[in-house]
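Structural characterization, general
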Amino acid sequence: NAGVTQTPKFRVLKTGQSMTLLCAQDMNHEYMYWYRQDPGMGLRLIHYSVGEGTTAKGEVPDGYNVSRLKKQNFLLGLESAAPSQTSVYFCATQTGYSGGSNTQYFGPGTRLTVL
Amino acid sequence: AQSVSQHNHHVILSEAASLELGCNYSYGGTVNLFWYVQYPGQHLQLLLKYFSGDPLVKGIKGFEAEFIKSKFSFNLRKPSVQWSDTAEYFCAVSGGATNKLIFGTGTLLAVQP
């Protein structure tokens, strides 16, 4: 099993360009999350999904869109990249709701630089 | 709203020294608490978690944490660190009718051989 994979691993964009990050999981987990990690700020939740066809906003959703057309995939889109979106992006998955005690499993991350 | 504070941003220790990383949270209800570790260049991995029962939780690689409800704390400890423990450590909390994790800002641990 691959677990949680992210594509691409690295990307450099120019301001205003668009791109999509792909998160794929083979663990049959219901919940999926997108975080960004910035120095000194920990991980902040961008968007999440509690099942196929659902999405919801997290702590820092502005400038991002997401889609969950298939249970195993969670896409994060940047329509018009800005330098403030330079970050490391992590996807995570979790089995269904269980009072918040379930573990989240993280992908390897995507390092994005916006010039 | 939930929040998590990690007061030690950067810790430097020599091998065999004891480790304690502080974590305090803000939330009035039942919480679930986690410590994740991120080794250089790698993704986050779960070290240990608490959601009920014995407040002293043992995790992987000799780490443990103690949930002290009266102090809203969940400090991470290890009696003797190794060079391979060099990593960034994140405390996180979830609670209430949500599966969202709130992370602290992380503590960067450097262990000198």
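Owing to the predicted nature of the structure, the values given are computational and were not obtained by experimental measurement. (Residues numbered from 1 in each chain as written. Chains lettered and ligands numbered in written order. Predicted model: local features only at pLDDT ≥ 70, side-chain atom pairs only at ≥ 80, totals over all residues. Heavy atoms only, no water.)

In this model, chain B carries a mean pLDDT of 91, and residues with pLDDT of at least 70 account for 96%. Ranking the elements of chain B by mean pLDDT puts strand 11 (residues 102–103) of chain B last, at 90, and strand 3 (residues 19–21) of chain B first, at 97. (pLDDT = per-residue confidence, 0-100. Helix = DSSP H or I, 4+ residues; strand = E, 2+ residues; numbered from the N terminus.)

Residue and element names in this part refer to chain B. Residue position: V57 is located in strand 7 (residues 56–58). You can call V57 buried: its relative accessible area is 10%. Among all residues touching V57, those that are not within four sequence positions of it are L48, K49, Y50, F63, E64 and A65. (Buried < 20%, exposed > 50% of the residue type's maximum accessible area, 1.4 Å probe, protein only. Contact = heavy atoms within 4.5 Å.)

Reported here for the largest pocket is a volume of approximately 570 Å³. Along the walls of the largest pocket sit 27 residues, with Q37 and R111 of chain A together with Q38, G41 and Q42 of chain B positioned nearest its centre. For the lining of the largest pocket, the secondary structure elements donating two or more residues are strand 4 (31–38), strand 9 (87–94) and strand 11 (110–114) of chain A together with strand 10 (87–95) and strand 12 (107–112) of chain B. Residue classes in the lining of the largest pocket are distributed as 12 nonpolar, 11 polar and 4 charged. What the second largest pocket holds in volume is close to 190 Å³. In this structure, the second largest pocket is lined by 13 residues; those nearest its centre are E59 of chain A together with Q2, K100, L101 and I102 of chain B. Looking at the lining of the second largest pocket, the elements with two or more residues in it are strand 5 (42–49) of chain A together with strand 11 of chain B. Broken down by element, the lining of the second largest pocket gets its largest block of residues, 3 residues, from strand 5 of chain A. Classifying every residue of the lining of the second largest pocket by side-chain character gives 7 nonpolar, 3 polar and 3 charged. (1 Å grid on protein atoms, 1.4 Å probe; cavity = no way out; pocket = protein on both sides within 12 Å on 5 of 7 lines; lining within 4 Å. Points joined across faces, edges and corners; volume = space filled by probe spheres on them. Nonpolar A, V, L, I, M, F, W, Y, C, P; charged D, E, K, R; others polar.)

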